[in-house]
Amino acid sequence: MAGVGKVFANGITAVNDMSLSIREGEFVSFLGPSGCGKSTALKMIAGLLAQNSGTISVNGHSPGAGADATDVGFVFQDATLMPWGTVFDNVYLPLRLRGISRDGARDPVLEALVSVGLHGFDGAYPRELSGGMKMRVSIARSLVTRPKLLLMDEPFAALDEMTRFKLNNDVLNLWDQQKLTVIFVTHSVFESVYLSNRIVVMAARPGRVADDITLDEGYPRNDSYRNTPTYAENCRIVSKALQSTLNGDGHGA
Amino acid sequence: MAHDRPGPLQGDSHLERSLRFAMPAAALVAALAAWEFLVWFNDVPHYLIPAPSRIATTLVTDFASLMRSLWFTVKLTLLSLGLAVIGGVALGMLFALSRTVEMSLFPFAVVLQVTPVIAIAPLILIYVSDTFHALLICAWIVAFFPILSNTAIGLRSADHNLHDLFTLYRATPWQRLRFLMIPSALPYFMAALKIAGGLALIGAVVAEFVAGTAGQNTGLASRILESSFRNEIPRMFAALLLVSLVGIVIFLMTTLLSRAVLGHWHESEVRRER
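What you see is a predicted model; the values in this text were computed from it and never measured.

Parameters at a glance
Residues numbered from 1 in each chain as written. Chains lettered and ligands numbered in written order. Predicted model: local features only at pLDDT ≥ 70, side-chain atom pairs only at ≥ 80, totals over all residues. Heavy atoms only, no water. Buried < 20%, exposed > 50% of the residue type's maximum accessible area, 1.4 Å probe, protein only. Helix = DSSP H or I, 4+ residues; strand = E, 2+ residues; numbered from the N terminus. Pairing = 2+ DSSP bridges. Contact = heavy atoms within 4.5 Å. pLDDT = per-residue confidence, 0-100. Phe/Tyr/Trp six-rings, centres within 6.5 Å; stacked < 30°, edge-to-face > 60°. 1 Å grid on protein atoms, 1.4 Å probe; cavity = no way out; pocket = protein on both sides within 12 Å on 5 of 7 lines; lining within 4 Å. Points joined across faces, edges and corners; volume = space filled by probe spheres on them. Nonpolar A, V, L, I, M, F, W, Y, C, P; charged D, E, K, R; others polar. Axes fitted to C-alpha atoms, helices over the stretch in contact; angles between N-to-C directions. Left-handed = near helix turned anticlockwise from the far one by under 90°. Expected span 1.5 Å × (residues − 1).

Novice: Please provide a residue-by-residue account of the pairing of strand β3 (residues 27-31) of chain A, values included.
Specialist: All names here are of chain A. Burial of β3 is extensive: five of the five residues sit out of reach of the surface. With five bridges connecting them, β3 and strand β7 (residues 181-186) associate as parallel partners. Among the inter-strand pairings, F30 is bridged to a residue of β7, identified as V185. Sheet topology places β3 next to strand β8 (residues 198-203); four bridges connect them, and they run parallel. Bridge assignment links F30 to a residue of β8, and that residue is V200.

Structure (structure tokens):
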């Protein structure tokens with residue numbers, strides 16, 4: 001995003017009066033309990049859902065209306081692959097929908113596969129892959145259009161911890177190498193602290209921003225970061241913020 | 001049996017594959033032999049139960065007329081199946097695209113489906129002067145419904161997140177149909193085709209039973225009916241054998257087609273490694 005991406009959205013119940021601006025190059029996590037509208041907010045940014053009030057602007061355009069340069073990538077909670085297509089076909093899909101020929105798409109598709117560590121798997125079918133590998137294909141598909149903004153909707157929630165840690169590192173590398181702006185929806189405090197430099201804590205009923213925490217810890221980060229006092233302290237701060245949204249909710253009820 | 005000798009371990013899968021064909025074949029031969037023997041031993045007259053050898057002889061002597069009838073039935077069945085596929089897929093797509101169309105037209109499809117074809121056939125034979133066309137309509141009615149309903153359900157079965165993905169990349173309606181909805185519908189369509197193939201044959205035979213032997217150029221059902229009037233039981237068995245052969249061939253063809261289309265990805269056709 002060249003300037004400022006602004007999010008003003010007022011949903012009836014899911015998201016209420018949410019105001020937020022995300023700068024280019026940030027790694028933002030939306031953290032909150034289930035039902036706080038974090039996925040809804042993400043889908044509105046992607047243009048998959050329309051807001052009932054307020055305005056959303058991604059790099060000066062309304063969602064889903066921008067030119068190629070403002071393109072967004074989206075990673076779903078499930079890998080969401082087409083079972084009838086090979087890995088190549090699945091990653092090729094976004095380019096195919098733009099009318100790019102198979103030959104013309106060959107290089108970007110293979111490059112995207114290499115970037116997620118799936119070199120040589122282009123001929124495999126999704127059923128032959130493990131859960132983590134399917135998710136890598138899904139990430140490769142979201143990156144093949146070279147988006148500036150990558151939206152991830154609890155992408156690793158269904159994976160085992162070892163795979164999740166590994167993919168967390170991979171996402172950080174991709175974010176760094178491809179100069180992405182990432183909005184990462186998660187319900188894991190640890191995941192959000194490990195990945196992001198900014199955490200938007202959301203509260204439920206109605207979904208709203210409860211806290212906006214900036215983390216100073218620099219990059220690159222690796223697994224040893226998980227053992228540092230800073231990490232523990234950040235987790236404590238974020239947990240507390242999350243806890244207070246739940247308590248507030250309890251008082252309100 | 002030659003396969004009974006103990007083989008080396010690496011021969012096991014080959015042995016198993018051979019047995020899969022050899023065992024049913026042996027059972028069939030044994031049953032035919034028992035049939036032949038019992039008819040001969042008890043001196044059963046051929047107008048009650050003909051021996052298999054007698055049926056085989058009839059197949060040869062009546063070859064010309066039986067083949068004409070066989071071709072008539074095959075033509076009727078395949079043509080009605082083809083038209084059912086065209087009509088069912090076209091209307092199924094319309095249903096999937098528009099709820100209004102579906103709600104308005106679905107009752108008609110259900111009425112056509114639940115009313116036994118044998119009950120509608122006399123009416124159709126009255127209104128349609130050409131017997132072949134009348135029979136074609138009857139067989140089509142039976143085969144049409146499974147294709148229609150499965151196509152409509154299949155087109156709607158596409159993953160919601162994949163639909164979102166297509167929206168995100170601004171797919172045209174045509175791209176959405178071609179790359180998402182049609183592949184999602186294929187397993188449903190293939191299941192329907194297997195059912196409709198059998199139903200088309202049933203429809204063709206049943207309709208012909210209703211029509212009787214009036215027509216000049218008639219199918220296997222007429223041969224069966226005619227043989228029963230004349231007490232030519234071996235000929236009846238021969239015609240019956242041909243009808244079931246047609247059914248078996250249609251079943252094998254649709255199964256092979258399904259495997260060819262879905263074999264590389266769909267769970268129903270994928271061979272799991274053990």
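Novice: Let's hear about helix α9 (residues 220-229) of chain B: which residues, and what values?
Specialist: Residues and elements named next belong to chain B. Counting buried residues along α9, eight of its 10 residues qualify, which places the element largely inside the surrounding structure. Within the sequence span of α9, burial applies to L220, A221, S222, R223, I224, L225, E226 and S227. If you follow the buried residues of α9, they end up packed against α3 (63-97), α8 (173-211) and α10 (233-262). Just downstream of α9, N231 is the residue with a positive phi angle, here 60 degrees.

Novice: Could you give an account of the confidence of the model for chain A, naming the residues involved and the relevant values?
Specialist: All names here are of chain A. Here chain A averages 82 in pLDDT, while 89% of its residues score no lower than 70. Mean pLDDT per element in chain A: strand β1 (residues 4-9) is the minimum at 50, and helix α2 (residues 87-96) is the maximum at 93. When the criterion is pLDDT under 50, residues 1-5 qualifies, and its contacts beyond four places in sequence or with other chains add up to 18 contacts.

Novice: So what's going on with the packing of aromatic side chains? Residues and values would help.
Specialist: Ring pairs (aromatic) are described by centroid distance and by the angle formed between their planes. All names here are of chain B. Per the stated rule, a full pass over the model turns up 16 aromatic pairs over all chains. Aromatic side chains W40 and F41 sit 6.5 Å apart centroid to centroid with 50 degrees between the ring planes, which places their arrangement in the tilted category. Judged by its relative accessible area of 62%, W40 is exposed. Residue classification places F41 among the exposed positions, given a relative accessible area of 55%. Taken together, a centroid distance of 4.5 Å and an interplanar angle of 25 degrees make the contact between W140 and F144 stacked.

Novice: An account of the layout of surface pockets is needed here, citing residue identities and associated values.
Specialist: Residues and elements named next belong to chain A. Of the volumes computed, that of the largest pocket is approximately 270 Å³. Lining the largest pocket are 15 residues, with L81, P83, P126, R127 and K134 sitting closest to its centre. Residues of the lining of the largest pocket, tallied by class, amount to eight nonpolar, three polar and four charged.

Novice: Any chance you could break down the packing of α2(A) against helix α3 (residues 102-115) of chain A for me, citing the residues and the numbers?
Specialist: Residue and element names in this part refer to chain A. Between α2 and α3, whose axes approach to 9 Å, the crossing angle comes to 115 degrees. Regarding α2 and α3, the two cross each other, and that crossing is right-handed. Residues V87, F88, D89, V91, Y92, L95 and R96 of α2 pack against R102, A105, R106, P108, V109, L110, A112 and L113 of α3. Among the residues making up the contact of α2 with α3, the classes are represented as 11 nonpolar, no polar and four charged.

Novice: Give me the lowdown on helix α4 (residues 131-143) of chain A, citing residues and values where you can.
Specialist: For α4(A), spanning 13 residues, the distance from its first C-alpha to its last is 19 Å, which sits close to the expected 18 Å at 1.5 Å a residue. With respect to burial, α4(A) is a largely interior element, 10 of its 13 residues being buried. Burial in α4(A) covers these residues: A:G132, A:M135, A:R136, A:V137, A:S138, A:I139, A:A140, A:R141, A:S142 and A:L143. Tucked into the core, α4(A) has its buried residues touching β5 (72-75), α2, α3, β6 (149-153) and α5 (161-177) of chain A together with α7 (160-168) of chain B.

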